[in-house]
Amino acid sequence: MVERRRRGVRTALVGEALRVALAARERTDPGAGLDIVDLGGGTGGFAVPLAVEGHRVTVVDPSPDALASLERRARDEGVSELVRGVQGDAAELLGLTGESTADAVLCHGVLEVVDDPVQALQAMASVLREGGVLSLLVAQRNAVVLARALAGHLAEARIALQDPDGRWGVTDPMPRRFDEAGITAQLADAGFMVHTVHGVRTFADLVPSAFVDSEPGAADSLAELERAASQHPAFRALATQLHILATR
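Please read these numbers as outputs of a predicted model, since none were measured by experiment.

Calculation rules
For every chain, the first residue of its written sequence is number 1, and the numbers climb from 1 along that sequence. Given that this is a predicted model, residues contribute local features only at a pLDDT of at least 70 and side-chain atom pairs are listed and counted only at 80 or more, while totals for whole chains, interfaces and linings are drawn from all residues. Hydrogens and waters are ignored; side-chain quantities use all the structure's heavy atoms. Numbering of helices and strands runs from the N terminus, with a helix taken as a DSSP run of H or I at least four residues long and a strand as a DSSP run of E at least two residues long. Partly exposed describes any residue whose relative accessible area lies between the buried limit of under 20% and the exposed limit of over 50%, with all areas from a 1.4 Å probe on protein chains only and scaled to the type maximum. We call two residues in contact when some of their heavy atoms are within 4.5 Å. Any pair of N or O atoms that falls within 3.5 Å is considered a polar contact. Within protein, one atom must be able to donate a hydrogen and the other to accept it, and sequence-neighbouring residues count only if both atoms are side-chain atoms. Here the term patch refers to residues with relative accessible area over 30% and no salt bridge, with like charges joined within 9 Å and nonpolar side chains (Val, Leu, Ile, Met, Phe, Trp, Tyr) within 5 Å. Only the protein chains shown count as covering a residue, and every accessible area follows the Shrake-Rupley method with a 1.4 Å probe. Within this document, salt bridges are pairs made up of a side-chain nitrogen of Lys or Arg and a carboxyl oxygen of Asp or Glu, the two lying within 4 Å of each other. UniProt positions are given in the numbering used here, feature names are shortened, and annotations may be inferred rather than shown by experiment. Two rings from Phe, Tyr or Trp (for Trp, the six-membered ring) form a pair when their centres are within 6.5 Å of each other. A pair whose planes differ by under 30 degrees is stacked, one over 60 is edge-to-face, and the rest are tilted. For a Lys NZ or an Arg CZ to count as sitting over a ring, it must be within 6 Å of the ring centre and within 35 degrees of the ring normal. The criterion is simple. A nonpolar core is a set of buried Ala, Val, Leu, Ile, Met, Phe, Trp, Tyr and Cys residues joined through side-chain atoms within 4.5 Å.

Asker: Help me out: how do you make sense of the environment of Thr 43 in this one?
Answerer: Here Thr 43 is to be found in the loop between strand 1 (35-39) and helix 2 (47-52). Thr 43 gets classed as partly exposed once you look at its relative accessible area, which sits at 35%. With 159 residues separating them in the primary sequence, Thr 43 and Thr 202 have C-alpha atoms 25 Å apart. Once residues within four sequence positions are removed from consideration, Thr 43 is found in contact with Ala 66, Ser 69, Leu 70 and Arg 73. Within the local environment of Thr 43, its side chain forms a polar contact with the side chain of Arg 73, the two groups lying 3.3 Å apart.

Here you go:
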């Protein structure tokens, strides 16, 4: 139960900001629904709810097991005709979906693990139609520096602070992390215009689980605190993830 509440807090801000951006895009053709590509969308945590809202979603993911779960989830929600799963990864994106075929691309937690982030961003730009929306969620370097320090791993915190990829050592499971200046520069180079940057999971990973689980209203209060801090520059710099909305 507590983990489900934490997931809700972690994804609520992303979902809210994304829907505002999609609504603005949808005004160009009201009621028709949008063509959305969810790169690395897995079991459809975002894709299926978007299909329920009337959008056509293609999920590109390397895992056949995840795509099988996506199919079941879409069937259970009655949106199988609006959700398509395609096995593949960022390097194959353009060939799998086609050029200028999407009104929006979701890339959540993927840029950290692809072989070539620059190439992946260029592929996403090519897939989008003019004025299309990119929803990008990336791990942030500053947060892992703070987390390692608070855990008493001071040497690892220093390594993460200085490492070009924001890794704390050779056993760090995350291939790379980003800072706001670096990722926005990469987006600009790929032809994107950044509109908003939100901090995600500024406090959600730090508040004790026992408190969220046992204190009445704690999950809602945590969500409100996250929302209030998400665009505050000082707190955004400490968030575990950055959520960026940009257009082509």
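Asker: Even after reading the chapter, I still don't get a nonpolar patch on the surface, so can you show me in this structure?
Answerer: On the surface, Leu 146, Leu 150, Leu 206 and Leu 238 cluster together to form a nonpolar patch covering roughly 380 Å² of accessible area. Relative to the helices and strands, Leu 150 is located in helix 6 (residues 141-150).

Asker: Looking at this structure, how should I read the side chain of Arg 177?
Answerer: Structurally, Arg 177 is set in the loop between helix 7 (154-162) and helix 8 (180-189). With relative accessibility at 11%, the residue Arg 177 sits in the buried group. At 2.8 Å, the side chain of Arg 177 forms a polar contact with the backbone oxygen of Gly 166. With sequence-adjacent residues up to four places away left out, Arg 177 is seen in contact with Ala 139, Gln 140, Arg 141, Val 144, Asp 165, Gly 166, Arg 167, Trp 168 and Asp 172.

Asker: When you look at the UniProt feature "domain: Methyltransferase type" (unreviewed entry) in the chain in this model, what are you seeing that I'm missing?
Answerer: Per the UniProt record, "domain: Methyltransferase type" (unreviewed entry) is found at residues 37-135. When the span residues 37-135 is considered, its composition is 35% helix and 29% strand, and the gap between its end C-alpha atoms is 10 Å.

Asker: Whenever I open this one, the pattern of salt bridges confuses me. Can you help?
Answerer: If charged atoms from side chains of opposite charge come close, those side chains can pair. For the coordinates displayed, the defined rule picks out 12 salt bridges. The salt bridge partner of Asp 103 is Arg 25, with a shortest N-O separation of 3.0 Å. Pair noted here: Asp 103 is in strand 4 (residues 102-108) and Arg 25 is in helix 1 (residues 2-26), with a separation of 78 residues, a long-range link. Among the charged side chains, a network of salt bridges with common partners joins Arg 25, Asp 35, Arg 56, Asp 103 and Arg 129.

Asker: I tried to follow the packing of aromatic side chains on my own but got confused; where do I start?
Answerer: To describe a pair of aromatic rings, one takes the distance between the centres and the angle between the planes. For the coordinates displayed, the defined rule picks out one aromatic pair. Relative to Phe 235, the ring of Phe 203 has its centre 5.8 Å away and its plane inclined at 55°; by these criteria the two rings are tilted. With Phe 203 in the loop between strand 6 (193-200) and helix 9 (209-214) and Phe 235 in helix 11 (residues 233-236), this residue pair connects regions lying 32 residues apart in the sequence. Positioned above the aromatic ring of Trp 168 is the side chain of Arg 148, whose terminal nitrogen or guanidinium carbon lies 4.3 Å from the ring centre.

Asker: In this structure, what is going on with unusual backbone geometry? I would like to understand it.
Answerer: Most peptide bonds take the trans form, and the phi angle of most residues other than glycine is negative. With a phi close to 55°, Ser 100 is a non-glycine residue in the positive phi region. Among the secondary structure elements, Ser 100 is positioned in the loop between helix 4 (93-97) and strand 4. Backbone geometry places Arg 201, a non-glycine residue, at a positive phi of 65°. Relative to the helices and strands, Arg 201 is located in the loop between strand 6 and helix 9.

Asker: Could you clarify how one ought to interpret the nonpolar core in this entry?
Answerer: For soluble globular proteins, nonpolar side chains are generally found buried alongside one another. If you look at the biggest cluster of nonpolar residues, it comprises 31 residues, and the most contacted ones within it are Leu 111, Met 124, Leu 134, Leu 136 and Phe 192. Mapped by element, the contributors of at least two residues to this core are strand 1, strand 4, helix 5 (117-127), strand 5 (128-139), helix 8 and strand 7 (241-247). No other element matches helix 5, which puts six residues into this core. Residues contacting Phe 192, with those up to four places away along its chain left out, are Leu 121, Met 124, Ala 125, Leu 128, Leu 134, Leu 187, Ala 246, Thr 247 and Arg 248.

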